Each structure stands twice: as structure tokens, then as C-alpha cells.
Amino acid sequence: MRVPLSLLRNFVPVQVPVDELARVMNGRVSEVEEVERAPSRGTFAGVRGVRLIEALEAQNGHTRWSTDADACIVVGDKFSVQAGGVYAAVLAGSSLPDGTAVGARAVAGLASEGMLCSETHLGIGKEATRPLRIAAETVGSIYDILDLDDTVLSFDLEPNRPDLYSLAGMAHDVAAIWDLPYSEPPRQDLSGLPSLSRPSIDIQTPRARRYEAVLLESVSVGPSPQWLQNAVRKLGMRSINNVVDAANLVMLETGQPLHTFDADRLNAETIVLRMAAPGESITTLDGTSRVLTDECLLVCDGEVPVAIAGIMGDATSEVHAGTTRVLLEGAAFD
């Protein structure tokens with residue numbers, strides 16, 4: 001469990017030195033595997049946000065883009081960048097945070113005057129497969145935009161403490177140890193909204209202890225605001241979009257497993273919870289076809305599996321840019 005201090009402090013105003021916090025938590029709560037400290041501001045001096053303006057030419061699976069930084073950057077087509085998008089970049093003559101110098105060079109036969117950077121290039125995460133996109137409305141230094149002045153404690157948790165698999169659970173222990181007040185972040189008042197419709201649910205196995213779902217309509221899916229992108233990244237997850245990121249953040253704040261489906265990609269009128277038949281298969285969100293056993297609990301659209309319960313959804317019902325109706329699942333699975 002990754003616990004960023006900035007997010008922990010939304011629940012409990014702990015201000016003890018990081019080393020003391022880690023030492024006491026390690027002895028009284030759970031093993032602290034790593035203390036991930038903030039990178040220095042100076043190492044990010046060469047990193048900036050650049051807006052891609054226009055695709056100028058393409059060859060060998062790469063495209064040369066003009067930018068608002070008076071420099072052209074070559075980007076692999078597999079990264080699916082977009083005109084108008086703002087991305088973390090290092091221009092020729094500057095350096096990556098690890099000190100690697102970036103110069104002008106030819107990429108796939110195209111002249112490039114810099115590079116777009118992933119989380120791994122910047123040393124702030126494990127996402128290496130795409131450039132780090134930045135919310136277009138943000139201004140200032142990349143260090144401040146990404147809220148990097150933070151410390152993350154990583155805990156190796158045991159199954160006898162499921163309450164610790166959330167920021168709220170960790171905050172309860174911190175509040176008790178240091179005699180601090182505990183409070184949850186403010187919640188939106190939903191009392192004035194119309195009641196939400198609920199699908200029919202058929203639970204066919206005791207392995208699904210409880211299953212709730214509501215339908216959210218008139219949803220607008222898009223990139224998350226920067227604060228939400230930062231939060232899910234620090235918690236060890238990849239930013240997907242505003243709907244998925246919001247559900248993931250609440251899940252890790254409260255410890256309540258949540259999942260979102262595109263409601264228009266579900267065809268049946270009933271959500272069925274059942275065990276898989278031996279040899280049944282599902283293609284999960286990562287594009288992998290998985291053969292199941294009768295120990296796998298499934299969430300089904302009628303009889304068609306749309307998620308391995310508590311593990312991963314399928315590739316056909318995920319929330320995407322065109323989604324307008326979202327089925328939000330909250331469940332307790334064995």
C-alpha cells in the first residue's frame with residue numbers, strides 16, 4: 001500500500017518527521033518497505049510542458065510535430081498523442097532528471113529537437129509506455145504542476161489487517177498513535193439530486209457477499225484534472241480518465257472496491273454474479289485472453305462475463321472517451 005503524506009494529511013494532520021513516522025509505523029502498524037522521498041526541484045529544471053501544434057511529416061511509424069516551444073519533436077505513432085495536448089518534455093540542450101543530456105538528433109529519419117517524457121523518464125512512476133500528459137489548464141513549473149514535493153511510504157501489508165488497505169485505515173492508526181483528530185475529506189451534498197436507477201442483480205454464489213450498482217447518466221468523460229492525475233499516480237495507478245480515476249481514488253481512500261462500466265456496452269437487463277465454468281475465457285482490460293477455472297468469480301452481463309470480480313474488467317465494457325452512461329459497481333467479494 002502506497003501512502004503519500006499529502007493525501008494522508010487529508011485525513012489526519014500528522015506533522016512528525018518522516019523518519020520518525022516510518023520508524024514508528026514500521027514497529028507498530030506494518031512493515032515499511034520503502035520511503036520514497038521527493039526529488040529535488042533542481043533536477044527538474046530541464047523539464048517543461050509543451051503543447052503539440054501540428055503534425056508536419058511522418059515516416060517509419062513516427063511523426064514530426066511542431067510545438068509551442070519553437071522546437072519540433074518526433075513522436076512514435078504508437079503513443080497516440082493529440083494536437084493541442086500538453087506533454088512533459090525535455091528540449092535539446094537540457095537534461096532529464098537523472099542527468100542524461102538531451103540533444104538534437106534524427107529519429108526514424110526525422111529531425112527532433114527534444115523528446116516527450118514518460119513517468120519512468122522523469123523517475124516519478126512506472127508508466128513507460130506513453131508520454132506524460134499534463135492538464136491543459138495548468139501553469140507554472142513541472143515540479144509544482146506534478147506536485148512532486150511529497151513523500152510516499154510503501155507498506156508490505158498482511159491479510160489480517162484489511163483495514164490498512166486504504167488511506168482512511170492508515171489514518172486511523174496514525175491518529176491513534178499520535179493522539180490526533182481524524183476526519184474524512186468533505187463530501188458532496190447529493191440530497192438534491194434525483195434518485196439513481198439501479199439494475200437488476202442476480203447473485204448466484206455466496207462468494208459475492210454483497211453487490212450494489214447505480215446508473216450515472218449524462219456523464220462527460222475526459223482527461224482528469226491535474227490534482228487527480230497526481231493523486232492516482234502517487235498511489236501507484238495509471239491515470240485513465242476522470243471517471244476511472246475518480247473511482248480508483250475513492251477506492252484507495254476508503255478501501256471500498258469500485259469498478260466502472262460503460263452502461264451502453266452492457267446488453268442484458270440483469271447483472272449476474274456467478275462462478276466461471278472450467279475453461280471459460282475472458283479478454284481483460286490489458287488485452288490478454290485469460291482461461292478461467294471454477295474458482296474464478298465473475299461479474300456478468302446476463303451470462304456474458306464482463307469482469308473477473310475484484311481483479312479486472314473486460315476489454316469491451318470499459319469507460320472510454322465516448323461514454324455518456326456509467327454503471328458504478330461497489331461490492332464485497334470473497
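Whatever comes next refers back to the structure up there.
Residues numbered from 1 in each chain as written. Predicted model: local features only at pLDDT ≥ 70, side-chain atom pairs only at ≥ 80, totals over all residues. Heavy atoms only, no water.

Enquirer: Got a sec to walk through the environment of Leu285? Specific residues and values, please.
Expert: The topology assignment puts Leu285 in the loop between strand S16 (281-283) and strand S17 (289-291). You can call Leu285 partly exposed: its relative accessible area is 36%. Along the primary structure Leu285 and Thr316 are separated by 31 residues, whereas in three dimensions their C-alpha atoms are 8.0 Å apart. Sequence-distant contacts of Leu285, defined by excluding residues within four places in its chain, comprise His259, Met312, Gly313, Asp314, Ala315 and Glu318. (Helix = DSSP H or I, 4+ residues; strand = E, 2+ residues; numbered from the N terminus. Buried < 20%, exposed > 50% of the residue type's maximum accessible area, 1.4 Å probe, protein only. Contact = heavy atoms within 4.5 Å.)

Enquirer: Please set out the nonpolar core residue by residue, giving values where relevant.
Expert: Within the largest apolar cluster, 33 residues are counted, with the highest numbers of intra-cluster contacts made by Leu8, Leu21, Met25, Phe155 and Met170. Contributions of two or more residues to this core are made by helix H1 (5-8), helix H2 (18-28), strand S11 (152-156), helix H5 (167-178), helix H6 (226-234) and helix H7 (242-254). Per-element tally for this core: the top contributor is H5, with seven residues. Excluding residues that lie within four positions of it along the chain, Leu8 makes contacts with Val3, Val14, Leu167, Met170, Ala171 and Val174. Judged by nonpolar contacts, the second largest core, of 18 residues, contains Val47, Ala88, Leu96 and Leu132. (Core = buried A, V, L, I, M, F, W, Y, C linked by side-chain atoms within 4.5 Å.)

Enquirer: Report on the state of the cysteines, specifying residues and quantitative values.
Expert: Scanning the model with the defined rule gives zero disulfides in all. Left without a disulfide partner, Cys117 is nearest to the cysteine sulfur of Cys72, which lies 17 Å away. Here Cys300 is not cross-linked by a disulfide; its sulfur's nearest cysteine counterpart is in Cys296, at 12 Å. With a relative accessible area of 0%, Cys300 lands in the buried category. (Disulfide = S-S within 2.5 Å.)

Enquirer: How would you summarise the sheet that holds strand S1 (residues 2-4) if you had to cite specific residues and measurements?
Expert: Two strands in a sheet stick together by hydrogen bonds in their backbones, pointing the same way (parallel) or opposite ways (antiparallel). The antiparallel open sheet is built from three strands, whose spatial order is S1-S11-S2. The open sheet has two free edges, formed respectively by S1 and strand S2 (31-36), since each of these has just one partner strand. Here the strands of the sheet are splayed against their neighbours by 25° on average, with no regard to which way each runs. Where S2 meets S11, five bridges bridge the pair, whose relative direction is antiparallel. Within the sheet, the bridge partner assigned to Glu34 lies in S11 and is Ser154. In the packing of H2 onto the sheet, contacts are made with S2 and S11, and the angle to S2 comes to roughly 160°. (Pairing = 2+ DSSP bridges. Axes fitted to C-alpha atoms, helices over the stretch in contact; angles between N-to-C directions.)

Enquirer: Tell me about the side chain of Gln226, and name the residues and values.
Expert: Checked against the element boundaries, Gln226 lands in helix H6. Residue classification places Gln226 among the buried residues on the basis of a relative accessible area of 5%. At 2.8 Å, the side chain of Gln226 and the backbone nitrogen of Ala135 are in polar contact. Every residue in contact with Gln226, bar those within four places of it in the chain, is listed here: Ile134, Ala135, Glu137, Thr138, Ile145 and Leu146. (Polar contact = N/O pair within 3.5 Å; in protein donor to acceptor, adjacent residues only side chain to side chain.)

Enquirer: Any details on the pattern of salt bridges? Residues and values, ideally.
Expert: In total, this model carries 18 salt bridges according to the counting rule given. The partner of Asp144 in a salt bridge is Arg41, and the shortest N-O contact between them spans 3.0 Å. Of this pair, Asp144 sits in helix H4 (residues 142-145) while Arg41 sits in the loop between S2 and strand S3 (47-59), and the two are 103 residues apart along the sequence. Arg210 serves as the salt-bridge partner of Glu212, at 3.1 Å between the closest nitrogen and oxygen. In this structure Arg210 comes out as exposed when scored by relative accessible area, which is 54%. Each of the salt bridges in this network shares a partner with another, and the network as a whole consists of Asp147, Asp150 and Lys234. (Salt bridge = Lys/Arg side-chain N within 4 Å of Asp/Glu carboxyl O.)

Enquirer: Lay out the side chain of Gln229 with the relevant residues and their values.
Expert: Its location among the elements puts Gln229 in helix H6. Apart from residues no more than four positions distant in its own chain, Gln229 is found in contact with Arg133, Ala135, Ser224 and Ser239.

Enquirer: Report on the packing of aromatic side chains, specifying residues and quantitative values.
Expert: Scanning the model with the defined rule gives three aromatic pairs in all. Relative to Tyr143, the ring of Phe44 lies with its centre 6.0 Å away and its plane at 65°, an arrangement referred to as edge-to-face. Here the residue Phe44 occupies a position in the loop between S2 and S3, and Tyr143 occupies one in helix H4, the gap between them amounting to 99 residues. Judged on exposure class, the residue Phe44 and its partner Tyr143 are both buried. (Phe/Tyr/Trp six-rings, centres within 6.5 Å; stacked < 30°, edge-to-face > 60°.)

Any link to function would need more than the numbers given here.
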